[in-house]
Amino acid sequence: MIGLACDLGYPPCIQKASQLFQDWVKSNGTLSLPTDVLRVVYAIGSQKTEGWNYLLNAYQHSLSSSEKNKILYALSRTKDTEKLSKLIELGRDGEVIKKQDFAALISSISGNPSGHTLTWNFVRENWAELLEKFHVGSSIIRNILYGTTSHFYSQEELEEVKTFFNSLKEQGHVLKVMEVILELIQKNIRWLERNRPVLEKWLEDIIPSGAN
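Residues numbered from 1 in each chain as written. Predicted model: local features only at pLDDT ≥ 70, side-chain atom pairs only at ≥ 80, totals over all residues. Heavy atoms only, no water.

(A) The side chain of Ser46, seen in detail. Along the chain, the position of Ser46 falls in the loop between helix 3 (38-45) and helix 4 (49-61). A residue is classified by how much of its surface remains accessible, and Ser46, at 0% relative accessible area, is buried. A polar contact is formed between the side chain of Ser46 and the side chain of Gln47, at a distance of 3.4 Å. (Helix = DSSP H or I, 4+ residues; strand = E, 2+ residues; numbered from the N terminus. Buried < 20%, exposed > 50% of the residue type's maximum accessible area, 1.4 Å probe, protein only. Polar contact = N/O pair within 3.5 Å; in protein donor to acceptor, adjacent residues only side chain to side chain.)

(B) Representation of the pattern of salt bridges within the structure. As enumerated under the stated definition, the model contains six salt bridges in all. Between Lys162 and Glu159 there is a salt bridge, with its nearest N and O atoms 3.9 Å apart. Remark: Glu159 and Lys162 occur in helix 11 (residues 155-170); sequence separation between them is three residues, near one turn of the helix. Between Lys169 and Glu179 there is a salt bridge whose closest N-O contact spans 3.7 Å. Remark: Glu179 occurs in helix 12 (residues 176-206) and Lys169 occurs in helix 11; sequence separation between them is 10 residues. The partly exposed category is assigned to Glu179, whose relative accessible area is 41%. Through salt bridges with shared partners, one network takes in Glu89, Arg92 and Glu129. (Salt bridge = Lys/Arg side-chain N within 4 Å of Asp/Glu carboxyl O.)

See below:
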């Protein structure tokens, strides 16, 4: 629940997470934080430039794959599109962020409202390069396609995906995941149409009047 509370801008949650992050930084990363709040604390800390830079440095020096995954997620939660673009370039380069983690990185940035257009444009504009790095039938390519499009929920986005997939088919790239994605986006559209009033009411009730 703490993650949802912070995502919704609940001040006490953000203040607590910010304080925990500051304490962790002051300890030079030695302070032990509860594992169930690590991702949230890191994500809140990443919203400030100094925190984001500290986390990127911690990612580069961590020897724990579990810790690196949590930090990479937090780095991808920034609202700063320039930092998100830098992450994509680091993943593209393959040295700081390893090749095998690229799909997870793209999916994580895509789940960020500030990053989903960025990653969608990147995939479309750099498709040929992606195929040079990863085989067209690889799980990484499937995960990149799914990660950048599965959260779409508008008719306009559905048409963009159809257009892109049609262009891939013309190149001879036909993947089963394409149909899965199209069906999922259509389900997302129908779900939002049915539940928008309820969702809006729920958000009005759950977000405190003093929240940003």
